[in-house]
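Breakdown of the fold
As a plain string of letters, each chain reads:
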Amino acid sequence: AKEYQFILTSRPDPAVGLVTLNRPKALNALSSPLFNELNEALADFDADDSIGAIVLTGSERAFAAGADIKEMKDKQFSDAYKNRFLENWSALTRLRKPVIAAVSGYALGGGCELALMADIILASPTATFGQPEITIGTIPGGGGSQRLAHAIGKSRTMELVLTGRTFSAQEAERWGVVSRVVGAGEGEVVKEAVELGRSIAGKSQIAVQAAKEAVNAAFEQNLAEGLRTERRLFHMTFATQDQKEGMAAFAEKRKPTFTHV
Ligand code: CAA
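In this report, the structure presented in the accompanying data block is examined. (Residues numbered from 1 in each chain as written. Predicted model: local features only at pLDDT ≥ 70, side-chain atom pairs only at ≥ 80, totals over all residues. Heavy atoms only, no water.)

Digging into the pairing of strand 7 (residues 120-123)
So the rule is basically this: Only strands joined by at least two bridges in the DSSP assignment are considered to pair. Helix and strand definitions here come from DSSP, where helices need a minimum of 4 consecutive H or I residues and strands a minimum of 2 consecutive E residues; each element is numbered from the N-terminal end.
Sheet analysis places strand 5 (residues 99-103) next to strand 7, joined by 4 bridges and oriented parallel. Following the sheet pairing, A102 is matched in strand 7 by L122. As judged from the 2 bridges shared by strand 7 and strand 10 (residues 180-181), these two strands associate in the parallel manner. If you follow L122 over to strand 10, its bridge partner there is R180.

Printed below as a string of structure tokens:
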């Protein structure tokens, strides 16, 4: 395994890659060096055929407290614009493997946006979400205004983004930002996320990838285009051995063995 300075990588299950943000002194503030490491680790897991799902987490205290304010403090417009500041953050959304965010503690600003870029979010009861950028004279820059609006509607998003108020794990669950809040025990949200990743990794990787592409089309295309995308991907699965194996196994009343071809 590679040695990183600001993240840890591991394989809690042979088919699940885990990336843990590890910059405790700054509550996992997402500096450029940290994000470069994160993108490298995610790309490595994504390219690894034996991995079927990726879990992304932080610490009990903080998933991530945002972009690194100390790094941004003196940044000039010309530098931000010319060097496309934060544009590399969205690499995560182009991964083929599903990414599950396991969120405990603060997920603020860029931390909230990072979670929103994942395919599934599980939250510990301690999770605190928010887009507090307005309180420091700026606005979300990692997709928060757009992804929150898609997830929870205009009025709530406006209120959160214009005031910077945080929202709890329970609110996040009620509003559909997270799929569920898990138990309170230490490390429980990561355990649950790994278990979820294991379940996904047991499926056909081709079908999982197609399903992810189809669901994402709902956020990127209009309904008619999205329905066409889904139908085409569905048709495509009939060209795979995994579809033949999956349906044969059902008919023969046995468990399928997917080979991802
Ligand atoms: N950037 C840089 N450093 C940060 C940080 C951030 N986003 N968040 C926390 N830290 C650092 C603190 O400066 C502090 O470091 P020092 O010990 O060197 O002073 C350390 O982490 C611990 O933080 P606190 O002492 O503040 O801890 P706390 O428990 O009192 O408060 C907190 C926790 C409420 C999360 C508070 O740290 C906080 O408000 N952080 C900033 C949250 C924020 O505004 N995030 C949005 C950033 S902008 C952004 O993300 C833009 C975008 O859309 C991409």
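A word on a nonpolar patch on the surface
Basically, it comes down to this: The patches reported here contain residues having more than 30% relative accessible area and no salt bridge. Joining distances are 9 Å for like charges and 5 Å for nonpolar side chains (Val, Leu, Ile, Met, Phe, Trp, Tyr). Each accessible area is a Shrake-Rupley result for a 1.4 Å probe, and residues are judged covered by the shown protein chains and nothing else. Take a side-chain nitrogen of Lys or Arg and a carboxyl oxygen of Asp or Glu: if they are within 4 Å of each other, that pair is a salt bridge.
Nonpolar side chains collect at one region of the surface, where F234, F238 and M247 lie side by side and expose about 310 Å² of accessible area between them. Along the polypeptide, F238 turns up in the loop between helix 10 (223-237) and helix 11 (241-251).

Here's the deal with the packing of helix 4 (residues 110-117) against helix 5 (residues 144-152)
Which entries qualify depends on this criterion: In this description, a line fitted to the C-alpha atoms serves as the axis of each element, helices being fitted only across the stretch in contact, and the angle between N-to-C directions of two axes falls anywhere from 0 to 180 degrees. Angles below 35 degrees are treated as roughly parallel, those above 145 as roughly antiparallel, those between 65 and 115 as roughly perpendicular, and all remaining angles as oblique. Here is the rule for handedness: rotate from the far helix to the near one, and if that takes an anticlockwise turn smaller than a right angle the crossing is left-handed, while a clockwise turn gives right-handed. Here, two residues are considered to be in contact whenever any of their heavy atoms come within 4.5 Å of each other.
Taken N-terminus to C-terminus, the directions of helix 4 and helix 5 make an angle of 55 degrees; their axes are 9 Å apart at the nearest point. Taken as axis vectors, helix 4 and helix 5 run oblique relative to one another. Relative to helix 5, helix 4 is oriented so that their crossing is left-handed. Taken together, the residues of helix 5 that come into contact with helix 4 (itself represented by E113, L116 and M117) are G144, R147 and L148.

Examining the side chain of K97
For clarity, the threshold we go by: Under this definition, polar contacts are N or O atom pairs within 3.5 Å; protein pairs additionally need one hydrogen-donor-capable and one acceptor-capable atom, and for neighbouring residues in sequence, both atoms have to be side-chain atoms.
Take K97: it is sitting in the loop between helix 3 (77-82) and strand 5. Here D48 takes part through its backbone oxygen, which lies 2.9 Å from a polar atom of the side chain of K97. Once residues lying within four places of it in the same chain are set aside, the contact partners of K97 are F45, D46, D48, D49, I51, G52, I54, D119, Q205 and K212.

Remarks on the sheet that holds strand 9 (residues 167-168)
With mixed pairing, 4 strands are arranged side by side in an open sheet as 4-6-8-9. The two strands at the open ends of the sheet, each matched to only one other strand, are strand 4 (62-64) and strand 9. Bridge count for strand 4 against strand 6 (residues 106-108) is 2 bridges, and the pairing is parallel. Within the sheet, the bridge partner assigned to A62 lies in strand 6 and is Y106.

Here's the deal with the pattern of salt bridges
Under the convention used in this document: The buried label goes to any residue with under 20% of its type's maximum accessible area, the exposed label to any with over 50%, and the partly exposed label to all in between, with areas taken from a 1.4 Å probe on protein chains only.
Under the defined criterion, the tally for this structure stands at 16 salt bridges. We note a salt bridge from R84 to E87, for which the minimum N-O separation is 3.5 Å. Overall, the relative accessible area of 55% leaves R84 in the exposed class. Of the charged contacts, one joins E195 and R198 as a salt bridge, the two residues approaching to 3.2 Å between their closest N and O atoms. Of this pair, E195 and R198 both sit in helix 8 (residues 188-201), separated by 3 residues, roughly a single helical turn.

Details of the site of the ligand
The cut-off we apply is this: Residues are labelled near a given molecule or strand when at least one of their non-hydrogen atoms is within 4 Å of it. Each residue gets one label: Ala, Val, Leu, Ile, Met, Phe, Trp, Tyr, Cys and Pro are nonpolar, Asp, Glu, Lys and Arg are charged, and the others, such as Gly, are polar.
Taken together, the neighbourhood of the ligand is formed by 25 residues, with R61, A67, G110, E113 and E133 sitting nearest. Here K25 contributes a backbone N or O atom positioned 3.3 Å from an oxygen atom of the ligand. The separation between an oxygen atom of the ligand and a polar main-chain atom of G141 is 2.9 Å. Taken by itself the ligand offers 990 Å² of open surface, and the protein chains cover 65% of this. Residues of the shell around the ligand, tallied by class, amount to 14 nonpolar, 5 polar and 6 charged.

Quick notes on the packing of aromatic side chains
The condition that has to hold: Working definition: rings of Phe, Tyr and Trp (its six-membered ring) pair if their centres are within 6.5 Å, and the pair is stacked with planes under 30 degrees apart, edge-to-face with planes over 60 apart, and tilted otherwise. Either the NZ atom of lysine or the CZ atom of arginine qualifies as a charge over a ring when it sits within 6 Å of the ring centre and within 35 degrees of the ring normal.
All chains considered together, the criterion is met by 5 aromatic pairs. Look at F77 and Y81: their rings are 5.6 Å apart centre to centre, the planes differ by 20 degrees, and that puts the pair in the stacked class. Note that F77 and Y81 are positioned in helix 3 at a spacing of 4 residues, about one turn of the helix. Pair check on accessibility: F77 and Y81 agree, each one exposed. With centroids separated by 5.3 Å and ring planes inclined at 35 degrees, the aromatic side chains of F167 and W175 adopt a geometry described as tilted. Accessibility expressed as a relative area gives 1% for F167, which makes it buried. Taken together, the ring pairs in this structure connect F129, F167 and W175 into an aromatic cluster. We note R23 situated over the ring of F6; from NZ or CZ to the ring centre the distance is 5.8 Å. Over the aromatic face of F85 sits the side chain of K75, whose NZ or CZ is 4.6 Å from the ring centroid.

Notes on the sheet that holds strand 5
Within the open sheet, the 6 strands sit side by side as 1-2-3-5-7-10. Their pairing is mixed. With partners counted over all chains shown, the strands left at the sheet margins are strand 1 (7-13) and strand 10, one partner each. Of the pairings in the sheet, the one linking strand 2 (residues 16-21) to strand 3 (residues 53-57) comprises 5 bridges and is parallel in character. Bridging across to strand 3, V16 finds its partner in A53.

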